[in-house]
Amino acid sequence: MIRFKHIFLLSFFIFSGSAVLSQSSPDITVPELEKHVYYLASDSLEGRKPGTAGGDEAARYIRDAFISYGLELTGDNGFQNFEVVTNVEPGKLNNFSFEEKQFEMGKDFMPMAISSNASVNADVVFAGFGFDIEEDSLNWNDYKNIDVAGKWVLVLRGDPEPDKDNSLFISYADDRSKALVARDKKVAGLILVSGPQFGDDKLADAAFNRVTSDAGMPVINITRAVADQIIKASGKTIDEIEKEIIAGKAPIAFDIKQTVSATTDMDRVKVTTVNVIGIIPGSDPVLKNEYVVIGAHYDHLGFGGEGSGSRTPDTIAVHNGADDNASGTAAILELAQKLSYNKASLKRSIVVMAFGAEEMGLLGSQFFTSNTLVDLKNIEVMFNFDMVGRLNEKERGVMVAGTGTAVEFDTLLSVYEQNSTLVFNHSPEGYGASDHASFYASGVPVLFFTTGAHPDYHTPADDANKINYKGEKDILNYAYPIIVDFANSEDPLTYQEAEPKKQEGRGGRGLKVKLGIMPDFTATENNGLGVGGVTAEGPAAKAGMQKGDKIVAIDGMSVTNIYDYMDRLKKLKPGQTISVDVVRDREHKVLVVIL
């Protein structure tokens, strides 16, 4: 259900239009911050999802503000266009049959979102839970002594320890991990069925999970009733086999001697979205060719739903994203207005950027740094504002990340912090889950401002009436003179790679090893994992891996996307020496990495 709030304010802003922008004050003010946030986070923009009317309208609003403030537009009249995949939908050609029985999509079977498009007519083999695990504390191989090459493989979803929260199977039990194992076994396609211990017999939705890579084979979910028909020659049901495996804690696999014919047809829906870019030219004849970038992403999650990133995926409602990130967008608009008003005193040029598709994996900022409209080497520093609207008035805490990405940052920032009523927490690392990471990976010093997450984060409750506008103004009044200082300093900043803080005593089921890279999510081809950045002194850096490399194999095992990469890492151990195949400038290289 769409919720309608703040109708009076919204109608006022829409009616006033560009006249409101032209009449605004050159100073950073609470009313103007409110104006921007209430509009961008209004129900009428429907959550600003990339490629939607609301997302496009938000981009036009930002560009019109740039024009009214006197910024010079770059790109295509202020827009930098790029394509993103926003959904995966079943096409018209999906079918599933055996013994001349045709089954119904949505009732009997469903192609999964990770499925590639193909037609397969082949015999079927049952392979338990679809595991091939070899660890010190866990050895389980459902593929032992069965021939699966070129055949369909039918496997159970989940794992044989469904009631054990700390089961070692958990990190291998997701559908995509099972598809990767099956692909390694050279199967023709994967058929998944939910046993009673996994849950109800509801077919999995073909839900888009914001990453475009498929599994490299057809992947189909069928009901237990259909699975029981396929394995009827065994004299057992899926229910009975699942119980037997769980009770015996041992794999069960067998040749079904049944032929299945199926076609999978998944449409990956592409839309065009934009970065919005304006420039305030510098006044110095030499330094005007260098740039200070201030940026924020303007997109959000639309109506939410499964796979959107919403923390309430069962609720379909407008996710207005007032803090995330209408607050950051309002911040750069107010900064742009004041900087433009005082442009005669700025030596370097200021690039103001509102990024699209950040919520889908920093796609807008990664696209810009790979297809830059200004020379990356001439960018002095990048300021990123993401979720700056929820300052706690009691604690007054602001996180400033990236403080280790330039030698001079800590000293310079301490000068401005001495007389501030804000309480600052510095974090040195330049990588992180926002757009500054794309610039840091390109060798640019970065500073990232945020007031942090809160219970309304990525829910429909992140609304404009909950923003601390006075607190946001205080943050911008702190940041503004720093931006001006860097725009006018005769001495350039000294970029340095920043180590992340060590995190001691962390539990959970995280990876045992990390390669030390930032993945590049902009590529849609299933031909490797792009390296968006390399962590200083990490295993990959020491082995000679570089930004722009494409990882195509780890220890001889193919890597076509981020999921393959993560699954390969699960099987590796600290101290292990591995080979990593990369493609660099169309040349194949093999790197030796010590984990």
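Please refer to the structure higher up on the page.
Attention in this report is confined to the structure presented alongside it. These numbers were taken from a predicted model, which means no experiment stands behind them.

Cut-offs applied
Residues numbered from 1 in each chain as written. Predicted model: local features only at pLDDT ≥ 70, side-chain atom pairs only at ≥ 80, totals over all residues. Heavy atoms only, no water. Buried < 20%, exposed > 50% of the residue type's maximum accessible area, 1.4 Å probe, protein only. Helix = DSSP H or I, 4+ residues; strand = E, 2+ residues; numbered from the N terminus. Pairing = 2+ DSSP bridges. Right-handed = clockwise from strand over helix to strand, strands pointing away. Salt bridge = Lys/Arg side-chain N within 4 Å of Asp/Glu carboxyl O. Contact = heavy atoms within 4.5 Å. Axes fitted to C-alpha atoms, helices over the stretch in contact; angles between N-to-C directions. Parallel < 35°, antiparallel > 145°, perpendicular 65-115°, else oblique. Left-handed = near helix turned anticlockwise from the far one by under 90°. Nonpolar A, V, L, I, M, F, W, Y, C, P; charged D, E, K, R; others polar. Core = buried A, V, L, I, M, F, W, Y, C linked by side-chain atoms within 4.5 Å. Expected span 1.5 Å × (residues − 1). Phe/Tyr/Trp six-rings, centres within 6.5 Å; stacked < 30°, edge-to-face > 60°.

**Section: the pairing of strand β15 (residues 349-355)**
And step 1. Burial of β15 is extensive: seven of the seven residues sit out of reach of the surface.
And step 2. Side chains Ser349, Val351, Met353 and Phe355 project from β15 onto one buried face, and the interleaved Ile350, Val352 and Ala354 project onto a second face that is buried too.
And step 3. Pairing geometry for strand β13 (residues 266-280) and β15, over five bridges, is antiparallel. In the sheet register, Val276 faces β15, and the bridge partner there is Ala354.
And step 4. By the bridge criterion, seven bridges tie strand β14 (residues 291-297) to β15 in an arrangement that is parallel. In the strand pairing of β15, Ala296 is matched with Ala354.
And step 5. Chirality of the crossover, the property in question, places the unit of β14, helix α8 (residues 322-341) and β15 among those that are right-handed.

**Let's talk about the pairing of strand β12 (residues 253-264)**
And step 1. Note: strand β3 (residues 95-98) against β12, three bridges, orientation antiparallel. Across the sheet, the residue bridging to Phe96 is Ala262, located in β12.
And step 2. Bridge count for strand β6 (residues 118-127) against β12 is nine bridges, and the pairing is antiparallel. Note on β12: the bridge partner recorded for Ala118 is Thr264.

**Points about the pattern of salt bridges**
And step 1. For the coordinates displayed, the defined rule picks out 21 salt bridges.
And step 2. Across the pair Asp147 and Lys151 runs a salt bridge whose closest N-O atoms are separated by 3.8 Å.
And step 3. What makes Asp147 exposed here is its relative accessible area of 51%.
And step 4. Judged by relative accessible area, Lys151 falls into the buried class, the value being 16%.

**Quick word on the sheet that holds strand β10 (residues 189-193)**
Hydrogen bonds between backbone atoms are what pair the strands of a sheet, whose relative direction is either parallel or antiparallel.
And step 1. The sheet built from eight strands is open, its strands ordered β4-β3-β12-β6-β9-β10-β11-β5 with mixed pairing. The sheet is open, and its two borders are formed by β4 (101-102) and β5 (109-111), each paired with just one other strand.
And step 2. Two elements, β10 and strand β11 (residues 219-222), share four bridges in a ladder whose sense is parallel. Bridging from a neighbouring strand, Leu190 pairs with Val219 of β11.
And step 3. Against the sheet, helix α7 (residues 238-248) engages β6, β9 (152-156), β10 and β12, with an angle of about 65° to β9.

**Notes on the packing of helix α3 (residues 30-40) against helix α12 (residues 469-488)**
And step 1. Two elements in contact, α3 and α12, have axes whose closest approach is 9 Å; the angle formed by their N-to-C orientations is 110°. Taken together, the axes of α3 and α12 are roughly perpendicular relative to one another. With respect to the hand of their crossing, α3 and α12 are arranged in right-handed fashion. In this structure, α3 contributes Val30, Leu33, Glu34, Val37 and Tyr38 to the contact, and α12 contributes Tyr469, Lys470, Glu472, Lys473 and Leu476.
And step 2. Its residues placed into classes, the contact of α3 with α12 shows six nonpolar, no polar and four charged.

**A short note on the nonpolar core**
Burial of nonpolar side chains together is a common tendency in soluble globular proteins.
And step 1. With 65 residues, the main nonpolar core has Leu339, Ile350, Phe383 and Phe385 as its most contacted residues.
And step 2. Broken down by element, the residue count for this core peaks at eleven residues, all from α12.
And step 3. For Phe383, the residues in contact, after removing those within four places along its chain, are Val292, Val293, Ile294, Gly295, Leu447, Phe449, Ile482, Ile483 and Phe486.

**Quick word on α8**
And step 1. For α8, which comprises 20 residues, the first-to-last C-alpha distance of 27 Å matches the rise-based estimate of 28 Å (1.5 Å per residue) to within 8%.
And step 2. With respect to burial, α8 is a largely interior element, 19 of its 20 residues being buried.

**Comments concerning the packing of aromatic side chains**
And step 1. Within this structure, the stated rule accounts for 20 aromatic pairs.
And step 2. Put simply, the rings of Phe383, Phe385, Phe409, Phe424, Phe449, Tyr478 and Phe486 touch in pairs and so form one group of aromatic residues.

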